[in-house]
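# Geometric and topological summary
Below, each chain spelled out in residue letters.
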Amino acid sequence: MSTPLQGSLLDGFGDTEFGPLRDARRTVLDRGAWVDVLPGWLSGADALFDRLVDDVPWKAERRPMYDRVVDVPRLLKFYEEHEPLPDPVLADARRELTAHYRRELGEPFTTAGLCYYRDGQDSVAWHGDTFGRGATHDTMVAIVSVGAPRALLLRPRGGGESIRYQVGHGDLLVMGGSCQRTWEHAVPKSRRPTGPRISIQFRTRGVR
Ligand SMILES: O=C(O)CCC(=O)C(=O)O
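To start, this report covers the structure provided alongside it. Small disclaimer: the values here were computed from a predicted structure and weren't measured. (Residues numbered from 1 in each chain as written. Predicted model: local features only at pLDDT ≥ 70, side-chain atom pairs only at ≥ 80, totals over all residues. Heavy atoms only, no water.)

### Quick notes on the environment of Ala-112
What counts here: We count a stretch as a helix when DSSP gives it H or I for four or more residues in a row; a strand needs E for two or more, and each element gets its number in order from the N terminus. Only heavy atoms matter for contacts: two residues are in contact if any of them lie within 4.5 Å across the pair.
The topology assignment puts Ala-112 in strand E7 (residues 111–117). Apart from residues no more than four positions distant in its own chain, Ala-112 is found in contact with Lys-77, Phe-78, Tyr-79, Leu-85, Gln-201 and Phe-202.

In structure tokens:
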């Protein structure tokens with residue numbers, strides 16, 4: 001079921017500001033993984049959501065599954081390292097994240113992957129970002145969420161109890177350390193009326 005986005009009352013009048021990244025709370029997971037969370041990092045997130053819906057050339061993809069080809073249940077657009085981003089706020093966010101994490105990460109965030117979950121039926125299955133260096137090296141994936149909140153789950157690769165985060169309306173979640181190869185993450189479908197959400201993932205060169 002599709003539900004229109006209801007803007008947060010706390011979202012100001014559309015100007016975008018970033019909160020201090022030093023306020024992010026880190027949870028250390030096992031096997032060398034960690035997650036930083038900073039709710040409401042971005043103000044003006046609902047205005048950004050509206051602009052991204054209109055300005056990003058969203059693509060519907062299909063992928064083989066067993067003996068069929070199925071729709072990927074979300075719309076996508078990936079911005080390569082030197083590709084202009086669709087909104088100046090994304091460039092500002094990437095710069096802020098790089099300034100804060102660079103010492104620990106050892107390199108800048110370069111790419112931006114955008115996913116548009118139109119309603120609760122859109123989702124992404126359990127996976128780690130293991131195309132490229134994420135399969136063998138520690139890295140970070142910084143996710144900024146705009147639009148309606150969705151559950152983002154993490155679980156240890158190979159099985160174990162999952163951890164649930166609720167992300168939307170300008171929240172920041174950063175997966176770091178070995179997280180992409182030792183843990184998996186997913187955004188499950190929701191049976192409840194669920195508004196649209198856009199996830200913006202910043203990664204380093206060679207990680208996807
Ligand atoms: O929706 C999200 O924030 C997660 C997206 C994701 O895991 C992916 O595109 O690889």
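### Digging into helix H1 (residues 45–55)
Where we set the bar: Burial here depends on accessible area, computed with a 1.4 Å probe over protein chains only, as a share of the maximum for the residue type. Under 20% is buried, over 50% is exposed, and the range in between is partly exposed. Arc, as used here, means the arc of the directions from the helix axis to the C-beta atoms.
By the burial criterion, the buried members of H1 are Ala-45, Asp-46, Leu-48, Phe-49 and Leu-52. Burial along H1 is one-sided: seen end-on, the buried residues are contained in an arc of 155 degrees. As for H1, its buried residues are in contact with strand E4 (42–43), helix H2 (88–105), E7, strand E9 (141–147) and strand E14 (197–203).

### Side note on the sheet that holds E9
Put simply, the rule reads: Any two strands with at least two DSSP bridges between them are considered paired. For every element, the axis is a line fit to its C-alpha atoms; helices are fit only across the contacting stretch, and the angle between N-to-C directions ranges from 0 to 180 degrees.
Strand order in the open sheet made by the eight strands is E2-E3-E12-E9-E14-E7-E6-E5, with antiparallel pairing throughout. A strand with exactly one partner marks an edge of an open sheet, and here the two such strands are strand E2 (25–28) and strand E5 (59–65). Ignoring strand direction, the axes of neighbouring strands in this sheet form an average angle of 25 degrees. Strand direction decides the pairing type here: E2 and strand E3 (residues 33–38), joined by four bridges, are antiparallel. Bridging from a neighbouring strand, Val-28 pairs with Trp-34 of E3.

### Some words on the site of the ligand
Short version of the rule: Note on definitions. A residue lies near a molecule or strand when any single heavy atom of the residue is within 4 Å of it. Definition of a polar contact: a pair of N or O atoms within 3.5 Å, with one able to donate and the other able to accept a hydrogen when the atoms are protein atoms, and with sequence-neighbouring residues admitted only if both atoms are side-chain atoms. Under the convention used here, a 1.4 Å probe and the Shrake-Rupley method define accessible areas, while residue burial counts only the protein chains that appear. Put simply, the grid is 1 Å and covers the protein atoms alone, a cavity is a trapped set of points that fit a 1.4 Å probe, a pocket is an open set with protein on both sides within 12 Å along at least five of seven lines, and lining residues have an atom within 4 Å of a point. Each molecule is assigned to a cavity or pocket provided more than half of its atoms lie within 2 Å of the corresponding grid points. Think of it as three bins: nonpolar holds Ala, Val, Leu, Ile, Met, Phe, Trp, Tyr, Cys and Pro, charged holds Asp, Glu, Lys and Arg, and polar takes everything else, Gly as well.
Around the ligand sit 13 residues in total, of which Tyr-117, His-127, His-185, Arg-197 and Ser-199 are the nearest. A distance of 2.7 Å separates an oxygen atom of the ligand from a polar atom in the side chain of Arg-197. Notes on the ligand: free accessible area 290 Å², of which the protein chains cover 94%. The cavity where the ligand resides is the largest pocket. Take the shell around the ligand: its biggest share by element is four residues, from E14. Looking at the shell around the ligand, its residues break down into five nonpolar, four polar and four charged.

### Focus: the nonpolar core
Short version of the rule: Definition used in this section: a nonpolar core is a set of buried Ala, Val, Leu, Ile, Met, Phe, Trp, Tyr and Cys residues joined via side-chain atoms within 4.5 Å.
Membership of the largest hydrophobic core comes to 34 residues, with the highest contact counts inside it found for Leu-52, Leu-97, Leu-114, Val-146, Leu-172, Ile-200 and Phe-202. Put simply, the parts of the chain that give this core at least two residues each are E3, H1, strand E6 (68–79), H2, E7, E9, strand E12 (171–177) and E14. Residues within four places of Leu-114 in sequence aside, it is in contact with Leu-52, Val-56, Trp-58, Leu-75, Leu-76, Lys-77, Tyr-79, Pro-86, Leu-90, Ser-199 and Ile-200. Membership of the second largest hydrophobic core comes to 19 residues, among which are Leu-76, Val-141, Leu-154 and Met-175.

### A look at H2
Keep this limit in mind: A residue's bend is simply the angle between two axes: one fitted to the seven residues ending at it, one to the seven starting at it.
At Ala-99, H2 shows its maximal kink, close to 45 degrees. Listed as buried for H2 are Val-89, Leu-90, Ala-93, Arg-94, Leu-97, Thr-98, Tyr-101 and Leu-105. Two or three places before Val-89, at the start of H2, stands the capping residue Asp-87, its side-chain oxygen 2.9 Å from that residue's backbone nitrogen. Two residues or fewer past H2, Gly-106 is found with a positive phi of approximately 85 degrees.

### Considering the pattern of salt bridges
Opposite charge on two side chains permits pairing when their charged atoms draw close. So the rule is basically this: In what follows, salt bridge is the name for a side-chain nitrogen of Lys or Arg lying within 4 Å of a carboxyl oxygen of Asp or Glu.
In this structure the tally under the stated criterion is 15 salt bridges. Glu-81 is the salt-bridge partner of Arg-205, the closest N and O atoms lying 2.5 Å from each other. Here Arg-205 is found in the segment after E14, whereas its partner Glu-81 is found in the loop between E6 and H2, with 124 residues between them in sequence. A relative accessible area of 22% means that Glu-81 is categorised as partly exposed. Residue Asp-138 pairs with Arg-181 through a salt bridge whose shortest N-O separation is 2.8 Å.

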